[in-house]
Amino acid sequence: MKPARSLVLSLVAALAATLGAVWVALPAFAAGPTASFVKTADWGSGWEGKYTITNGGSSTINGWSLAFDLPSGTTLGSYWDALLTSAGQRHTFTNRSWNGTIAPGASVSFGFLASGSGSPSGCQLNGAACGGGTPPTTPPPTTPPPTTPPPTTPPPTDPPTGDLPKHLLTGYWHNFDNPAVELRLRDVPNEYDLVAVAFAEATATPGALTFGIDPGLTAALGGYTEADFTADVRTLHSRGKRVILSVGGETGRVTVNNAASATVFADTAAALIARYGFDGIDIDLENGLNPTYMAQALRALRAKVGSSLIIAMAPQTIDMQNPAGGYFKLALDIKDILTVVNTQFYNSGAMLGCDQNAAYGQGTVNFIVALACIQLEAGLRPDQVGLGLPAGPGAAGGGIVAPSVVNAALDCLARGTNCGSFRPPRTYPGIRGAMTWSVNWDVSNGNGFANAVGPHLDTLP
């Protein structure tokens, strides 16, 4: 609750405390815009903060600017749902194109990561004090008032990166045979941090997933059983790697379009995770998805598996052009539990970047950086954005680049160096990493992708 503004408020608050179960709803005061702050997570050496801007007045707010100071020794990192300018320890956040209008009684919020133990001070909203007092630096009580339902998923208490590397190399492993080399899971090169097993498939029941070792792969390897595969998952775990189950693929037809299928998805995915020892799930549905019910399914799955669940996505480039599109909306709707979005920056043709000024051709640094910039400037945290590229000849029909081009794009986004003619509006040192389709194609091409990109990720800030 916000601090009491009058004796009447104080008396009502005291009455509510005395009655316990009674929740008294007070009429809104014409207080104008206010902003409140909480630390939504704190891990000692750093924290995640959130400001909520509320329009307590009677007129619509069109545009907002919130500024605060951080003490010496506390530095700002990634941020989302706002634009940022900084001068020394004074940081000013302004609205994005989609959240600048706040109707009376409505609220918007933005968040950021910080290193150090300090907290914001001197908060000003549109040039005035944020709320007439020092903003709180601890989250509100976790027990909601009786009229408010509990959140589906509790707020995180650890940094969103979990025990994964800060910069991550992801590769897909084929559970089928094709012209690429066939591999046992344990033979995935050590440079890969996260291995996505391709693919879980649909059944006749909407939302249901099934998975088993492909008979063609078993034959190509001279015998490879589900027991072998499960043992290989444990082997990768012993090496510090993580293994997730990818859902869909180019021909995947998994559908989650209502509450019932969302429940079935969560139930069957949880069963497969428990059976094989997977660490999470990857959504690679290239034939469309329903963001509302897929979000419901993923939250239900996380509730079953726990906060360690890795949730990845591999949308096509076209799917991440607009925050209102299904895939992009899903990513933003589950941003609090999402691990990484590895967009497929290939098989795309030419597309507009975040500057909306030119159509950049695939297979270039400009294309990769300008399209990744859309996600970075439209709501995803840098640690949730990965660059998906083919592993070399045979892996894709277009957009194949040398690993040096992938590294240049990472440098441009993280450091502002090695850019092409397009330069993003800021740097994103927390950029999560790179993904390739696929491990099998990479091995077929001499491990050039993993050997070049994996070590380069270790050099990023």
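Cut-offs used in this document
Residues numbered from 1 in each chain as written. Predicted model: local features only at pLDDT ≥ 70, side-chain atom pairs only at ≥ 80, totals over all residues. Heavy atoms only, no water. Helix = DSSP H or I, 4+ residues; strand = E, 2+ residues; numbered from the N terminus. Buried < 20%, exposed > 50% of the residue type's maximum accessible area, 1.4 Å probe, protein only. Contact = heavy atoms within 4.5 Å. Areas by Shrake-Rupley, 256 points an atom, 1.4 Å probe, with all protein chains shown as cover. Core = buried A, V, L, I, M, F, W, Y, C linked by side-chain atoms within 4.5 Å. Pairing = 2+ DSSP bridges. Axes fitted to C-alpha atoms, helices over the stretch in contact; angles between N-to-C directions. Parallel < 35°, antiparallel > 145°, perpendicular 65-115°, else oblique. Left-handed = near helix turned anticlockwise from the far one by under 90°. Nonpolar A, V, L, I, M, F, W, Y, C, P; charged D, E, K, R; others polar. pLDDT = per-residue confidence, 0-100. Salt bridge = Lys/Arg side-chain N within 4 Å of Asp/Glu carboxyl O. Expected span 1.5 Å × (residues − 1). Disulfide = S-S within 2.5 Å.

## Quick notes on the overall build of the protein chain
Each helix and strand in the protein chain was counted, giving 10 helices and 22 strands. Counting every position in the protein chain, which comprises 461 residues, the buried fraction comes to 49%. Taking the contacts inside the protein chain whose residues are at least 6 apart along the sequence as the reference set, 74% of them involve residues at least 24 apart. Surface summary for the protein chain: the accessible area is close to 19100 Å², and the carbon and sulfur share equals 55%.

## Things to note about the nonpolar core
Formed by 91 residues in total, the largest nonpolar core has its most connected members in W173, L185, F229 and F265. Counting residues per element, this core draws most heavily on helix α7 (residues 365-377), at 10 residues. With residues up to four places along the chain from it excluded, the contact list for W173 reads L183, R184, L185, V188, V195, A196, V197, A198, L217, Y224, F229 and N440. Of all hydrophobic cores here, the second largest spans 23 residues; its members include L70, F93, F110 and A114.

## What about the sheet that holds strand β10 (residues 121-125)?
Adjacent strands of a sheet form backbone hydrogen bonds with each other and so pair up, either parallel or antiparallel. Spatial ordering of the open sheet is given by β6-β7-β4-β10-β11, a layout of five strands whose pairing is antiparallel. Edge positions in the sheet fall to β6 (83-87) and β11 (128-129), since each has one partner strand and no second. Where β6 lies against strand β7 (residues 90-94), five bridges are found, and the strand directions are antiparallel. When the bridges of β7 are listed, S86 appears paired with H91.

## Observations regarding the packing of helix α8 (residues 403-415) against helix α10 (residues 448-457)
For any two helices packed against each other, the geometry is given by the interaxial angle and the distance between the axes. One can describe the packing of α8 onto α10 by two numbers: an axis separation of 9 Å at closest approach and a directional angle of 20 degrees. Viewed along their axes, α8 and α10 adopt a mutual orientation that is roughly parallel. Read as a crossing pair, α8 and α10 show a hand that is right-handed. Residues P403, V406, N407, L410, D411 and R415 of α8 touch α10, and the partners they reach there are G448, F449, A452, V453, H456 and L457. The residue makeup of the contact of α8 with α10, split by class, is seven nonpolar, three polar and two charged.

## Considering the confidence of the model for the protein chain
Averaged over every residue, the pLDDT of the protein chain is 85; residues scoring 70 or more account for 85%. With pLDDT under 50 throughout, residues 133-148 is counted as low confidence; its partners more than four residues away or in other chains account for 18 contacts. Under a pLDDT of 50 for its full length, residues 150-162 has, in the predicted model, 18 contacts with residues more than four places off or in other chains.

## Some points on the pairing of strand β13 (residues 194-202)
Within a regular strand, side chains alternate between the sheet's two faces. Within β13, seven of the nine residues are buried, which leaves it mostly tucked inside the rest of the structure. Examined bridge by bridge, strand β12 (residues 168-174) and β13 share five bridges and lie parallel to one another. Across the sheet, residue W173 finds its bridge partner in β13, namely V197. For β13 and strand β14 (residues 209-210), the ladder comprises two bridges, and the chain directions are antiparallel. Within β14, the residue paired with E201 across the bridge is T210. The loop that links β13 with its antiparallel partner β14 comprises six residues; one of these, G207, has a positive phi angle of about 90 degrees.

## Re the pattern of salt bridges
Within the structure shown, the criterion is met by nine salt bridges. Of the charged contacts, one joins R186 and D232 as a salt bridge, the two residues approaching to 3.1 Å between their closest N and O atoms. Of this pair, R186 sits in the loop between β12 and β13 while D232 sits in helix α3 (residues 226-238), placing them 46 residues apart in sequence. A salt bridge links R426 to E377, with the shortest nitrogen-to-oxygen separation between them at 2.8 Å. Separated by 49 residues along the polypeptide, R426 in the loop between α8 and β22 (433-437) and E377 in helix α7 bring together distant segments of the chain. Looking at E377, the relative accessible area reads 9%, which means it is buried.

## Some remarks on the side chain of H456
Mapped onto the fold, H456 is located in helix α10. Not counting the four nearest positions on each side in its chain, H456 is found in contact with N407, L410, D411 and R415.

## A few points about α3
An α-helix turns once every 3.6 residues. As a result, residues three or four positions apart point the same way. Taking 1.5 Å of rise per residue, 13 residues should cover 18 Å, and α3 covers 19 Å from first to last C-alpha, within 8% of that figure. Following α3 by one or two positions, G240 adopts a phi angle in the positive range, close to 85 degrees.

## Some points on the environment of R234
By the secondary structure assignment, R234 is in helix α3. Residues R234 and R186, 48 residues apart in the sequence, show an inter-C-alpha distance of 9.0 Å.

## What about the state of the cysteines?
Scanning all chains against the criterion turns up three disulfides. The disulfide that involves C123 links it to C130, with 1.8 Å between the sulfurs. Taking the sign of the S-S torsion, -65 degrees for the link of C123 and C130, the bridge is left-handed. For the pair formed by C123 and C130, the shared burial category is buried. Each sulfur in the disulfide pair C412 and C419 lies 2.0 Å from the other. Its torsion about the S-S bond being 100 degrees, the disulfide of C412 and C419 is classed as right-handed. Comparing C412 with C419, the two get one shared label, buried.

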